[in-house]
Amino acid sequence: MQEEFDVAIVGAGPAGISASHILAGKGIKTIVFERGEYPGAKNISGGVLYGHDLAGIIPGFIEKGCPVERNIVESRLWYLSRDGGYSLSFMDNAFRDRLSFNAFTVGRAKFDRWFAEEAKKKGALVACGTVVTDLLRDADNRVIGVGTDRPDGNVQAKVVLLADGINSLLAAKTGFRSEPKPSDIALAVKEVIEISEDMINERFNVDPGQGTTIEIVGEITGGMDGIAVIYTNKKTLSLCIGANLSDFMKNKIKPYEMLEAFKAHPMVAPLIKGGQSKEYMAHWIAEGGYNAIPQLCGDGYLIAGDSAMLFNALHREGSNMAITSGRYAANAILEAFDKGDFSRNGLKGYSERLQSSYIMKDLKKYRRFNSFRLHHHELFTLFPKLSGFAAREMLTVDGVSKKDKQRAIWKKMKEEFSIFKMLRVVWGGIRSVK
Ligand SMILES: Cc1cc2nc3c(=O)[nH]c(=O)nc-3n(C[C@H](O)[C@H](O)[C@H](O)COP(=O)(O)OP(=O)(O)OC[C@H]3O[C@@H](n4cnc5c(N)ncnc54)[C@H](O)[C@@H]3O)c2cc1C
């Protein structure tokens, strides 16, 4: 006999576990399947989480033992040429007190595990080491459960929540979401480097417990549309670099070579000097944005988090969207239970909630951003090179007048790029985020 649950959730990432908190908390018989040995075992993220969305699931999460690494008080943005680069940073005291834990770093292996343990306390069953291999459907093609690789096999459920991340095997097999195009995916590699707590405080100019994020673009991605980050954890640094998959396919650059070149950059090397490599991972990032979002629910199922392409590539926000979409999915499921209607119509409260939330509003606002970057590789090649040249010229004190330096900069810029083209790029950039 097949086991029966009210709700089956595929994936114990932030989306799936958030939903399980709400559902189990309301007495709904909920099972979460996770293919990893434990929640977080298969997960990777640069490591920033956002307090507002997490508090929507666990108010007072700090007091409840959330394994925070550092509270982020400063955000830096670097635009790098091969030999150096620009740095812009914003630090605000509000992030130490009034807005503390607005953003904070976590190790996903620890965080996901803790988050899932809290869901278990509310009554959710988390079945690890179990791969969901298929969706069960009735004669009318409604989803009525999941097939797994366990010997006891299938599990029936009134609703299935797909929260299985971007690299979804079920997507291809069941067709609930079309296979993402290479241009909708970024491939990222991450290395965690251990250095002492004191060294991190010193090198990043932060107090104990406080941290910095550095978001980096420019020539470091080998001319490909991509980004790198450095995040401070308690005793480790997370270094992450990635680029669009279609660019990787064209350029034949190996991700680990890009990471090694990044670590050797003159602005990065001093920060990690003397550190020990602790962890190395590669993962996809959902970069398709608004235009790649699939149908969010159907008869008997909903899709949340990365699996639904809910990732804001400009602001590097994904975990918050996963947590909140999981919460909205759970609320819509509760409504469906009240109505006894698990059809697409009965679950449509999910899409409605998402549409009126910051998630869809932000993704819609930036819907042209990914395509803009992908079509303007000069942002990762010529512009950082020229802007580096301009700054170097102006800062070199060599007896040449500033007027003559300006002329030399202007001449070089005109040789490499027409003013008209440059204005078009600037206008395209503004349009892509307005
Ligand atoms: C390198 C990198 C850096 C990032 N940095 C940040 C950041 O700093 N801040 C931020 O907010 N976001 C960041 N993100 C994005 C963030 O990690 C994701 O948006 C977020 O994890 C999505 O959560 P999710 O629950 O939807 O999916 P996931 O976290 O991917 O969880 C999906 C879970 O489903 C499981 N699973 C998959 N298929 C099956 C199956 N068939 N059966 C059973 N289990 C299955 C997986 O093992 C996994 O545990 C980053 C992503 C990457 C790759």
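### Here's the deal with the pairing of strand E8 (residues 132-137)
Then, number 1: Bridge count for E8 against strand E9 (residues 143-148) is 5 bridges, and the pairing is antiparallel. By the bridge assignment for E9, Leu 136 is matched with Gly 145.
Then, number 2: Here E8 folds back onto E9 in antiparallel fashion, the turn holding 5 residues, of which Asn 141 has a positive phi close to 70 degrees.

### Digging into the packing of helix H1 (residues 14-25) against helix H9 (residues 319-339)
Describing two packed helices takes the angle between their axes plus the distance from one axis to the other.
Then, number 1: In contact at an axis separation of 7 Å, H1 and H9 are set at 35 degrees when each is read in the N-to-C sense. As H1 packs across H9, the resulting crossing turns out to be right-handed. Along its contact with H1, which presents Pro 14, Ala 15, Ser 18, Ala 19, Ile 22 and Leu 23, the element H9 presents Ser 319, Ala 322, Ile 323, Gly 326, Arg 327, Ala 330, Asn 331, Ile 333 and Leu 334.
Then, number 2: Per-class residue counts for the contact of H1 with H9 are 10 nonpolar, 4 polar and 1 charged.

### Digging into the pattern of salt bridges
Then, number 1: Inspection of the entire model under this criterion finds 25 salt bridges.
Then, number 2: The salt bridge partner of Asp 112 is Arg 108, with a shortest N-O separation of 2.7 Å. A residue pair is termed a helical-turn pair when its members lie 3 or 4 positions apart in one helix, as Asp 112 and Arg 108 do in helix H3 (residues 108-121) at 4 residues.
Then, number 3: According to the relative accessible area criterion, Asp 112 is buried, its value standing at 1%.
Then, number 4: Residues Asp 138 and Arg 142 are paired through a salt bridge, measuring 2.9 Å at the closest nitrogen-oxygen approach.
Then, number 5: Within this structure, Asp 225, Glu 287, Arg 316 and Arg 373 form a network of salt bridges that share partners.

### Description of unusual backbone geometry
Backbone phi values are negative for most residues with the exception of glycine, while trans is the configuration of most peptide bonds.
Then, number 1: At Asn 141, a position not held by glycine, the phi torsion is positive, near 70 degrees.
Then, number 2: For Asn 141, a relative accessible area of 49% translates into the label partly exposed.
Then, number 3: We note that Arg 316 has phi near 55 degrees; this positive angle belongs to a residue other than glycine.
Then, number 4: Tracing the backbone shows Arg 316 in the loop between strand E17 (301-303) and H9.
Then, number 5: Accessibility expressed as a relative area gives 13% for Arg 316, which makes it buried.

### What to know about the domain arrangement of the protein chain
Then, number 1: Here the protein chain is partitioned into domain 1 (3-69 + 106-180 + 291-355), domain 2 (185-286) and domain 3 (370-433).
Then, number 2: One C-alpha centre belongs to domain 1, the other to domain 2; they are set 29 Å apart.
Then, number 3: Of the residues lining the interface, 17 residues belong to domain 1; the matching set on domain 2 comes to 17 residues.
Then, number 4: For the pair domain 1 and domain 2, the two sides together bury roughly 1600 Å², of which 67% comes from carbon and sulfur.
Then, number 5: If you look at where domain 1 meets domain 2, you find 0 salt bridges.
Then, number 6: On the surface where domain 1 and domain 2 come into contact, there are 1 residue pair in polar contact (both at pLDDT 80 or more).
Then, number 7: Looking at the side of domain 1 that touches domain 2, its residues break down into 8 nonpolar, 5 polar and 4 charged.

### Looking at the side chain of Lys 263
Then, number 1: Relative to the helices and strands, Lys 263 resides in helix H7 (residues 255-264).
Then, number 2: For Lys 263, a relative accessible area of 15% translates into the label buried.
Then, number 3: At 2.9 Å, the side chain of Lys 263 and the side chain of Glu 191 are in polar contact.
Then, number 4: Once you skip the residues sitting within four places of it in the chain, Lys 263 turns out to touch Glu 191, Ile 193, Leu 239, Val 268, Ala 269 and Ile 272.

### Thoughts on the nonpolar core
Then, number 1: The biggest cluster of nonpolar side chains holds 111 residues, and the ones touching the most others in it are Ile 230, Phe 262, Leu 302 and Tyr 350.
Then, number 2: Top element by residues in this core is H9. It accounts for 10 residues.
Then, number 3: Inspection of this core shows a minimum of three residues originating in each of domain 1 (3-69 + 106-180 + 291-355) and domain 2 (185-286).
Then, number 4: Here Ile 230 is in contact with Trp 78, Phe 204, Thr 212, Thr 213, Ile 214, Ile 216, Ser 238, Leu 239, Phe 262, Val 268 and Leu 271, once residues within four sequence places are set aside.
Then, number 5: Listed in part, the 13 residues of the second largest apolar core include Phe 383, Phe 389, Ala 390 and Met 413.

Cut-off values and rules
Residues numbered from 1 in each chain as written. Predicted model: local features only at pLDDT ≥ 70, side-chain atom pairs only at ≥ 80, totals over all residues. Heavy atoms only, no water. Pairing = 2+ DSSP bridges. Helix = DSSP H or I, 4+ residues; strand = E, 2+ residues; numbered from the N terminus. Axes fitted to C-alpha atoms, helices over the stretch in contact; angles between N-to-C directions. Left-handed = near helix turned anticlockwise from the far one by under 90°. Contact = heavy atoms within 4.5 Å. Nonpolar A, V, L, I, M, F, W, Y, C, P; charged D, E, K, R; others polar. Salt bridge = Lys/Arg side-chain N within 4 Å of Asp/Glu carboxyl O. Buried < 20%, exposed > 50% of the residue type's maximum accessible area, 1.4 Å probe, protein only. Domains from an automatic or database assignment. Buried area = accessible area lost by both parts, 1.4 Å probe. Polar contact = N/O pair within 3.5 Å; in protein donor to acceptor, adjacent residues only side chain to side chain. Core = buried A, V, L, I, M, F, W, Y, C linked by side-chain atoms within 4.5 Å.

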